[in-house]
Amino acid sequence: MDSAKVIHRRKLDIPVIRPKADEKEVLAKSLEPSKVVCLLEDPLTANLKERHLFVLKKLLKRSKIGFLLKELKDIAKILNVCAEKVKEHNEYLPILCEALSICRLPFLKEKSSDELNYAHDVIEFLSHLGCLMRVCDAEVREQIVESVKSFYSCVAPKLLLDGVQPTSPGYRLQLLERSDLSGTLLLSMAALENQPAIKLQLLKTLQILSSSSDMNCASILNKRGAEMICLHMNDPDPSGQILFRSSEILWNLLEKCSKEEVTAQLGSMECVLSLKEAFLYQLANGFKHSDLQLRNDLLVITSLIAENPNSLLIESSFAKQLVVLFTFPELKRNNPLVRNLKLSFNNEDLKMKKLLLNLLVLMSKDLAALQLFKEEQVMLDLLTFVRPPPASCEQRSGGLRRWSPVQQEELQLQAVATLATIAPLMLHDFLCCQGNACLLILLDWCVKQDAFYGQGHSFHGTGGRGSKKAQMRHCIRALRSVTSLGEESVNQDLCDQGTINQLLGILMQMEASPDEEDVFAVEIKSDIQLILSELCESDMHRKELFGSDGVEMTLHFLKKGSDKFYSGLGHNKLILSTVDCVWSCIVGCYTTEDYFLAKNGAFLLLDLLSSGPRCVHCNVLGTILELCDNPNTLSHVLSWTSGGGQSAPGLLLQLWREEEDELRVRRTRHGEIADPQRPLLGLHRQGETPLSFPARAPSAAVLELSENLRSKIYSIFCKLGFQDLPGLSPKDYVTLSIVRRYLDFKVGEVWEEITTELVLDGVRPISPDEEALNALSKMAGDTARIVRAEQQSILEQQHKDEMGEERLMYTEIKSHWKQNELTAKAWDDYVSKTSNYEILKEFKAQREKYIEESRPKPKPDEEAIRPSQHFMGQVLSVEHTGAPGLAGVKLTLARAHIKTVGQDELGPTTRDTEYFSTVSVNN
């Protein structure tokens, strides 16, 4: 009974438990995204709409906290299938919208390695997300846009399950850059014509994408995003924000992508017309500060397009309207564009005016634009800004609202800078509007001492704050640009107004100023010298006007030398402009030349040649060569010596050797000709492939004359002569032998090129010509060998002289060492005598022996023959008698006996005492 009950209970328990477990397992398996994909795509179940909706709702309910990374691949397929089914069954629309809303949440990972393992799936998912914009429903598109925008905001994850973590905040953004989402969203803009609200949201999203990443910008640009944005910026917009968002996207593309590629897309006629329409709309209807900023932004984009010389601004008539706008309000116009236009003269209007000035410079590259400038009197409007500012407040205001003094200064500076570019292209208009006079008046105002205080806030005012230096800098630059063309009418007009003396005065006034020299001051000085060079180069009367004041100016700058050549302030340009000023303004006029030489100007040029860098040698040598036409120059050149004692010929020969080292001409270690067939040719030209030049084109040998210093050095030696040159070493004479035959070598080189070109062209000269060419070639080789023999003779003589000097030196060294040895021996003898008595006695005996031997020995017969003689000896007594004078003195003298040579000096001597009688000395 009991057992039966137990068995019955077991049978009852089994059916209750197993069905519940099977049902949960089946449900869990059915909610796997891969199973859902099979359910949606399998032909047998593709039409089970109710079943689809039930399973999708369950799947979304399970994924309401976010999608797992490992499921994104299947989720993307599910969303794609739902997007296709929405076209026929609207029941899938809420499912699709709910799935897109879940995409705003961070993706989930079960392992730390999931982020790396499923990175490709995430990229594909994000790319498919942009493709869902094909769904026409506004809600779906809005959900997509909001989902993408949510990537850039910190969305807090919902309550997570155990074992699941959200991905890092920047994970989706990094993979978004590698996906095609940005470009896909851009392409969907064409489908939003009837949905302006969604279009605005899409533009905001594209703005976020383009501002956050360079890769997103590149993806947009690859889909021709700049062109598409520009073409749709004028679409109907109730909110008034589409134009603003579009301009911001274009700015992002310009900043983060290739500017050339962006402007190339914007350079089409359709884009230019769209920009024109947008700008004119903002110009006529923009009153708020943001509207004015947007207007200026569009003008900047237009300026970037104008940098392309093939831009279509003129063809689209946009350029004409911009030029008309530039001349407003200075020139009265009846153009509809400016008839009712009013400026508030605020900072945004100032920026617009400065942008228009910049556009003039950019458009001036096109000749059609210059014709447009002439028609709209742009030159006249520019010169109105060049005028000096009025002194009184009444003159400034004139009863009308105008630019403030600070604004006027900025416009003046930029207008003068613009004039430096446009005036050389419109010289006729420049002269008709008295442009030279306007610039000279402004220059005269710049040097006056008054109460003007330069603000220097703008780019063109850099370095001029608190002074008029910025105005002077741009004014001088404009004068340099118009004189550099060499147009005689312009230069004569300037000289007639006393420009030469005015510029000289300004230059020396700046030199006398106590202000510290900066890069702008040095630039002004060098530009003034270049202007003077252009004015005086080809006119003798202007060189005379340059006169002694100009010579003193050049001497002043030459005395500075090249110490500051690499200072970074522009002294390199100043030195070159000074040398050019000597060449153009002094050389050629004997009056100024003689004054220049009298002030040791030639010495200063040679000092600069000796101490200056290699880049100034060409100009200095050219100046000295031209100056050598004056016969008084040669004595100055030959008498010059450097600080190290080097003469001018020695310096020129040293430069010749340095030039050949630069050209890598083959020479021996002693400077001899190494290759008689190519005595002047460098290695870089030897490796060139022979070419055949047209008859009107100079060959390489002829072009080489102007490319290096050798031709100038040879010409200077032709003036100085090749004999009796001071201060030359044997090495210099070796080089001089090459310099003397430079012209012969160069002629031979030219004939060799002619022969080579004939061979290349397949031309065989007639027999007499061929013989002549062979003779010329042989003559060139013989000349090189003769020079080489001469060089060897010089070197042999040098070797002999060196050997003689070496022998003399060794003789002097030997004598010196012998003297040192004798001195040392004498010292040793002296020390031994003072320290050893025996040695001292021996030395004394030896000395007495030497003395005895050195005395002469008398002959015996001479002693017998020679009689004894007596000589007066000493005074014995003196008596005074009292008589005046010598008569009152009596002397008593002793007679001294003089021995003969043979008498014994050591024997006794006898004295004969004999008294003389008293002598009276009478007067």
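Residues numbered from 1 in each chain as written. Predicted model: local features only at pLDDT ≥ 70, side-chain atom pairs only at ≥ 80, totals over all residues. Heavy atoms only, no water.

## Things to note about a nonpolar patch on the surface
Next up, step 1: On the surface, Leu743, Val747, Trp751 and Ile754 cluster together into a nonpolar patch covering about 330 Å² of accessible area.
Next up, step 2: Mapped onto the elements, Ile754 comes out in helix α42 (residues 742–760). (Patch = residues over 30% accessible without salt bridge, like charges linked within 9 Å, V, L, I, M, F, W, Y side chains within 5 Å. Areas by Shrake-Rupley, 256 points an atom, 1.4 Å probe, with all protein chains shown as cover. Salt bridge = Lys/Arg side-chain N within 4 Å of Asp/Glu carboxyl O. Helix = DSSP H or I, 4+ residues; strand = E, 2+ residues; numbered from the N terminus.)

## A short note on the confidence of the model for the protein
Next up, step 1: Across the protein, the average pLDDT comes to 84, with 87% of residues at 70 or higher.
Next up, step 2: Mean pLDDT across the secondary structure elements of the protein bottoms out at helix α1 (residues 2–30), with 40, and peaks at helix α34 (residues 601–611), with 95.
Next up, step 3: Below pLDDT 50 for its whole length, residues 868–872 participates in 20 contacts with residues either more than four positions away or in separate chains.
Next up, step 4: Considering only residues more than four positions removed or in separate chains, one finds that residues 896–923, a stretch of pLDDT under 50, has 45 contacts. (pLDDT = per-residue confidence, 0-100. Contact = heavy atoms within 4.5 Å.)

## With respect to helix α14 (residues 242–256)
For an α-helix, 3.6 residues make a turn, and residues three or four places apart therefore share a direction.
Next up, step 1: Across its 15 residues, α14 extends 21 Å between first and last C-alpha, which sits within 8% of the 21 Å expected from 1.5 Å per residue.
Next up, step 2: Ile242, Leu243, Arg245, Ser246, Ser247, Ile249, Leu250, Asn252, Leu253 and Leu254 are the residues of α14 that are buried.
Next up, step 3: Tucked inside the fold, the buried residues of α14 contact α11 (196–212), α12 (214–222), α13 (225–231), α15 (259–266), α16 (269–285) and α17 (289–306). (Expected span 1.5 Å × (residues − 1). Buried < 20%, exposed > 50% of the residue type's maximum accessible area, 1.4 Å probe, protein only.)

## Notes on the pattern of salt bridges
Next up, step 1: Taken as a whole, this structure holds 43 salt bridges when the rule is applied.
Next up, step 2: Within this structure, Glu660, Arg667, Glu704, Arg710, Lys746 and Glu749 form a network of salt bridges that share partners.

## Notes on the packing of helix α4 (residues 72–86) against helix α7 (residues 119–131)
The angle between the axes and the distance between the axes are what describe a pair of packed helices.
Next up, step 1: One way to put it is that α4 packs onto α7 with a least axis distance of 9 Å and a crossing angle of 15°. In this view, α4 runs roughly parallel relative to α7, as classed from their interaxial angle. The handedness of the crossing between α4 and α7 is left-handed. Residues Leu72, Lys73, Ile75, Ala76 and Leu79 of α4 touch α7, and the partners they reach there are Asp121, Val122, Phe125 and His128.
Next up, step 2: When the residues that make up the contact of α4 with α7 are grouped by side-chain class, the tally is six nonpolar, one polar and two charged. (Axes fitted to C-alpha atoms, helices over the stretch in contact; angles between N-to-C directions. Parallel < 35°, antiparallel > 145°, perpendicular 65-115°, else oblique. Left-handed = near helix turned anticlockwise from the far one by under 90°. Nonpolar A, V, L, I, M, F, W, Y, C, P; charged D, E, K, R; others polar.)

## Concerning the packing of aromatic side chains
Next up, step 1: Enumeration according to the criterion identifies nine aromatic pairs in this entry.
Next up, step 2: Seen in terms of ring centroids, Trp656 and Tyr742 are 5.5 Å apart; in terms of plane orientation they differ by 85°. Their pairing is edge-to-face. Here the residue Trp656 occupies a position in helix α37 (residues 648–663), and Tyr742 occupies one in helix α42, the gap between them amounting to 86 residues.
Next up, step 3: Both rings, one in Tyr714 and one in Phe722, keep their centres 6.5 Å apart while their planes meet at 35°; by these two values the pair is tilted. No difference in accessibility class separates Tyr714 from Phe722, as the two residues are buried.
Next up, step 4: An aromatic cluster is built from Trp656, Tyr714, Phe717, Phe722 and Tyr742, whose rings are joined through pairwise contacts.
Next up, step 5: In this structure, Lys353 packs its charged tip against the face of Phe326, placed 5.0 Å from the ring centre.
Next up, step 6: We note Lys468 situated over the ring of Trp445; from NZ or CZ to the ring centre the distance is 4.3 Å. (Phe/Tyr/Trp six-rings, centres within 6.5 Å; stacked < 30°, edge-to-face > 60°. Lys NZ or Arg CZ within 6 Å of the ring centre and 35° of its normal.)

## Looking at the environment of Asp539
Next up, step 1: In this structure, Asp539 sits in the loop between α30 (519–536) and α31 (540–558).
Next up, step 2: Sequence separation of Asp539 and Ser584 is 45 residues, and the distance between their C-alpha atoms is 9.5 Å.
Next up, step 3: In terms of polar contacts, Asp539 uses its side chain to reach the backbone amide nitrogen of Arg542, at 3.0 Å. (Polar contact = N/O pair within 3.5 Å; in protein donor to acceptor, adjacent residues only side chain to side chain.)

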